[in-house]
Amino acid sequence: MDLECSRLLPALCAVLVDPRQPVADDTCLEKLLDWFKTVTEGESSLLLLQEHPCLVELLSHVLKLQDLSPGVLSFSLRLAGIFAAQENCFQYLQGDSSLFVASAASQLLVHILALSMRGGAEEQPCLQGDDWPTCAQKIMGHVEESLCSTATPKVTQALNVLTTTFGRCQSPWTEALWVRLSARVACLIERDPIPAAHSLVDLLLCVARSPVFGSSNGNLWEMVAQALSCLGPTHVGPLALGILKLEHCPQALRTQAFQVLLQPLACVLKATVQAPGPPGLLLRAKGTRAVAITPGLLDGMADDAMTVDALLASKSSCAGLLCRTLAHLEELQPLPQRPSPWPQVPLLGAAVTVLRLCDGSATPVSSVGGHLCRTLAGCVRVQRAALDFLGMLSQGTSPQELVMQVLAVLLECLESPGSSPTVLKKAFQATFRWLLSSPKTPSCSGLGPHIPQFLRELFLVLQKRLCSPCWEVRDSALEFLTQLSRHWGGEADFSCALLASEVPELAWQLLQDPESYVRASAVTATGQLSSRGLHAPTSPQHAVARQSLLRELLRILSTDSEGFPRRAVMQVFTEWLRDGHADVARDTEQFVATVLQLASQDLDWEVRVQGLELALVFLGQTLGPPRTHCPYAVALPEAAPARPLTEALRALCHVRLFDFAFRALFDCDRPVAQKSCDLLLFLRDKIASYNSLGEANPNTNSVEVSPWRRWAGEQTQPQEDQEPEAVLAMLRSLDLEGLQSTLAESSDHVEKSPQSLLQDMLATGGFLQGDEADCY
């Protein structure tokens, strides 16, 4: 610790223990803890305490104060834990008899327990608690007493201590600890109701994940199986999911956990399956045969009373249980250790049934089903969860008939006038995922055989949504259109279906939407359609506009009052330049010059950054792509440049690229300056590659570097085109690596020192005079 910090530390400790002084915010206390961690990593904690007795006084005083702020108390406990992490310092602290009482925080207790077990118990499991160190016996006695308490907070505290212990300590003695305490934990499961259920689940999963346990695992698995049978629906789901995510677990327990996880959906299917005929959900899509989805997950599963009670208790209880169940299954599906075989078809049936319950089209066959229909009608929360889950199931393997039936259900959701904006957004996302998973055939050029008819129906729905009075719906519809055209714009079936609809014309009209988010999405959508040759409106009144989307986007870039549409235009223009769009290729230099002039004057820093990205693309097209610097790459001969260096530089000067880049180095927004620095480094690298090919640079010996003030903003008059010689001279004069390093530093790097932190915290309490406080 440096001398100035040592000088300030006693005053800071006095401020922290004085309830009358204003307390520093939690961020300052967190930074202070980080500093102490750094200090103790570099020097002895014992020496630090001996040289700074104010720290020992701080820890002693906080134990006696009744009105101390929780933030300072928490800080002091964590500080004691940092010091106690070194064994010699722990012995020094242990002399205070009241420390154990004050160290109820689980992390500190675990630190102390782990340190006290070092030695014999660290190496070998010690099954006799009498042989454990006195400190460890005292802690375990406190934990055992808390586990037997009838007060739930005490039980929670004890379970949290054990969870932290087994999560952080993986020495043999932890197995002995579990053997000693497992019976008391098992007793908690037998209580009704089970206290601290959430903490109990955390503990069981933590022990199950620990690599230490061997012979004692049998006892653990029995306890987990009992918990799966006794816990209520709210807590049993996380336990079942955690068990199924384990790589090694008894198969019988995995089966039980999966049945528990599926139980709410099984109840839903049983309450709504159609009759007469075999139990199953009947899906029918236009033009396809109906397929019965038999709920195989119902086989051998009786209704669970607690699950049914939770579904019937209230709307919030029912919705919460279904949403958690769907989320758990969604998390489980992509994992390699998921149950096999995966019940893809029954789960599809369950997801669709939940959607039917929400939109009122389900057919109940029991009083439970009728109650669910009334409870879930119009429940947006459950609809969103079911659509997320349905979208995830697209990753599985499903027959073509079933895919079309799922798409039909999604189309109904998109058509429904009762679908909320958030539900429609989820439905669009799920539809896109199922289209991606549609089985392909050689004759259908990337789209399944039934998809063209579906697309025609889909675009009719999309037309309706693009005209919605709700801007969120218009925005989601445009985003969906962009996704579709980006992925399938080159497919003939897709193009025919799209151009037969009014969707392109409506997207064009939304370029003038009153909502800026919609205008931005319309820019992206029309830009993507234009890239695919699908953007032309068909009505006569758009004949002029049809000739040049480019002019319309330039108008938005130069006149739109909101930043979102202007950013979208820059992104579209960059893609157009990169992909060689026809309107750009017609006169690339004029296009780049016009766009860079507008971007360089924009007040939105993101527009200026995107302008520099466009400049970088043009630079690469003019001088060639960047060289690879991978040490393992095969060194290939340098490709001959597309044009001589002088000619290339003149083209870059003509579009005023350097004027923009050099001015951006002085931009008040750091991302702009960083992007400009990257661009100029790339330019310098390319000039070096020209030199390596033997091409002479323009002569710069007689060129004087132009004054920097023209790019620092002191001169605003239009400038003539720069000459290549002047550009190279300016580039040679710059320390770009140094500038890049400076820009990479955080804005407060100068005043981020511990001394600055201590001064600020003391200034809060009025302990500093004059300008001693930094207050960065």
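Since we're looking at a predicted model, the values are computed, not measured.

Novice: Can you tell me about the overall build of the protein, naming the residues and giving the values?
Specialist: Counting its secondary structure elements, the protein contains 40 helices and 2 strands. Relative to its full complement of 776 residues, the protein shows a buried share of 51%. Long-range contacts, defined here as pairs at least 24 residues apart, represent 74% of the contacts in the protein between residues at least 6 apart. A total accessible area of about 35,300 Å² is found for the protein, and carbon and sulfur atoms account for 53% of it.

Novice: A description of the environment of Leu 12 should follow, citing residues and the corresponding values.
Specialist: Here Leu 12 lies in helix H1 (residues 3-16). Put simply, Leu 12 and Met 761 are 749 residues apart on the chain and 7.3 Å apart in space, counted from C-alpha to C-alpha. If we ignore the near neighbours within four places in the chain, the residues touching Leu 12 are Leu 32, Leu 758, Met 761 and Leu 762.

Novice: Explain the pattern of salt bridges to me, using residue names and the numbers behind them.
Specialist: According to the stated counting rule, one finds 22 salt bridges in the structure shown. A salt bridge links Glu 412 to Arg 356, with the nearest nitrogen and oxygen atoms 2.7 Å apart. Residue Glu 412 is located in helix H22 (residues 400-415), and its partner Arg 356 is located in helix H19 (residues 344-359); the two are separated by 56 residues in the primary sequence. With relative accessibility at 36%, the residue Glu 412 sits in the partly exposed group. For Asp 513, the salt bridge identified is with Arg 474, shortest N-O distance 2.8 Å. One end of the pair, Asp 513, is in the loop between helix H27 (503-509) and helix H28 (516-531); the other, Arg 474, is in helix H25 (residues 471-488), and 39 residues separate them in sequence. Salt bridges sharing common partners tie together Glu 144, Arg 180 and Arg 184.

Novice: Go over the nonpolar core, please, and point to the residues and values.
Specialist: If you look at the biggest cluster of nonpolar residues, it comprises 244 residues, and the most contacted ones within it are Leu 55, Trp 178, Leu 239, Leu 553, Phe 573, Leu 680 and Leu 683. Per-element accounting of this core gives the leading share, 11 residues, to helix H16 (residues 251-272).

Novice: Account for the side chain of Asp 560, naming residues and giving values.
Specialist: Relative to the helices and strands, Asp 560 is located in the loop between helix H30 (549-559) and helix H31 (563-579). When its relative accessible area of 13% is taken as the criterion, Asp 560 is described as buried. A distance of 2.9 Å separates a polar side-chain atom of Asp 560 from the backbone nitrogen of Glu 562. Once residues lying within four places of it in the same chain are set aside, the contact partners of Asp 560 are Arg 519, Arg 555, Pro 565 and Arg 566.

Novice: Which residues make up the environment of Leu 262, and what are the values?
Specialist: Tracing the backbone shows Leu 262 in helix H16. C-alpha separation for the pair Leu 262 and Gly 237, spaced 25 residues apart in sequence, amounts to 9.2 Å.

Novice: So what about the packing of aromatic side chains? Which residues, and what values?
Specialist: Tallying each qualifying case throughout the model produces 12 aromatic pairs. Each ring, one from Phe 573 and one from Trp 576, has its centre 5.8 Å from the other, and the planes form 50°; the classification is tilted. Highlighted residues: Phe 573 and Trp 576, both in helix H31, separated by 3 residues, approximately one helical turn. For the pair shown, Phe 573 and Trp 576 are each scored as buried. These aromatic residues form a ring-pair network of at least three members: Trp 35, Phe 36 and Phe 83.

Novice: Describe the confidence of the model for the protein, with residues and values.
Specialist: On average, residues of the protein score 80 in pLDDT, and 78% of them reach the 70 mark or higher. Across the protein, element-level confidence peaks in H31 with a mean pLDDT of 96 and bottoms out in helix H7 (residues 99-102) with 33. Confidence drops under pLDDT 50 across residues 700-709; counting only partners more than four residues distant or on other chains, this segment forms 20 contacts.

Novice: Give me helix H13 (residues 197-209): which residues, what numbers.
Specialist: Along its 13 residues, H13 runs 18 Å from first to last C-alpha, staying within 8% of the 18 Å computed at 1.5 Å per residue. Burial runs high along H13: 10 of the 13 residues are buried. Buried within H13 are the following residues: Ala 197, Ser 199, Leu 200, Val 201, Leu 203, Leu 204, Leu 205, Cys 206, Val 207 and Ala 208. In this structure, the buried residues of H13 make contact with helix H11 (152-168), helix H12 (173-190), helix H14 (217-230) and helix H15 (233-244).

Novice: Lay out helix H2 (residues 26-42) with the relevant residues and their values.
Specialist: Taking 1.5 Å per residue as the helical rise, H2 with its 17 residues ought to reach 24 Å, and the 25 Å between its terminal C-alpha atoms agrees with that figure. Within the sequence span of H2, burial applies to Cys 28, Leu 29, Leu 32, Leu 33, Trp 35, Phe 36, Val 39 and Thr 40. End-on view of H2: buried residues confined to an arc of 160°, all on one side of the axis. Within H2, the exposed residues directed more than 90 degrees away from the buried face are Asp 26, Thr 38, Glu 41 and Gly 42.

Novice: Explain the packing of helix H35 (residues 645-654) against helix H38 (residues 724-733) to me, using residue names and the numbers behind them.
Specialist: Packing of H35 against H38 leaves a shortest axis separation of 9 Å and a crossing angle of 90°. In this view, H35 runs roughly perpendicular relative to H38, as classed from their interaxial angle. Residues Thr 646, Leu 649, Arg 650 and Cys 653 of H35 lie in contact with H38, whose contacting residues are Pro 724, Val 727 and Leu 728. For the contact of H35 with H38, the residue count by class is 5 nonpolar, 1 polar and 1 charged.

Procedures and definitions
Residues numbered from 1 in each chain as written. Predicted model: local features only at pLDDT ≥ 70, side-chain atom pairs only at ≥ 80, totals over all residues. Heavy atoms only, no water. Helix = DSSP H or I, 4+ residues; strand = E, 2+ residues; numbered from the N terminus. Buried < 20%, exposed > 50% of the residue type's maximum accessible area, 1.4 Å probe, protein only. Contact = heavy atoms within 4.5 Å. Areas by Shrake-Rupley, 256 points an atom, 1.4 Å probe, with all protein chains shown as cover. Salt bridge = Lys/Arg side-chain N within 4 Å of Asp/Glu carboxyl O. Core = buried A, V, L, I, M, F, W, Y, C linked by side-chain atoms within 4.5 Å. Polar contact = N/O pair within 3.5 Å; in protein donor to acceptor, adjacent residues only side chain to side chain. Phe/Tyr/Trp six-rings, centres within 6.5 Å; stacked < 30°, edge-to-face > 60°. pLDDT = per-residue confidence, 0-100. Expected span 1.5 Å × (residues − 1). Arc of directions from axis to C-beta. Axes fitted to C-alpha atoms, helices over the stretch in contact; angles between N-to-C directions. Parallel < 35°, antiparallel > 145°, perpendicular 65-115°, else oblique. Nonpolar A, V, L, I, M, F, W, Y, C, P; charged D, E, K, R; others polar.

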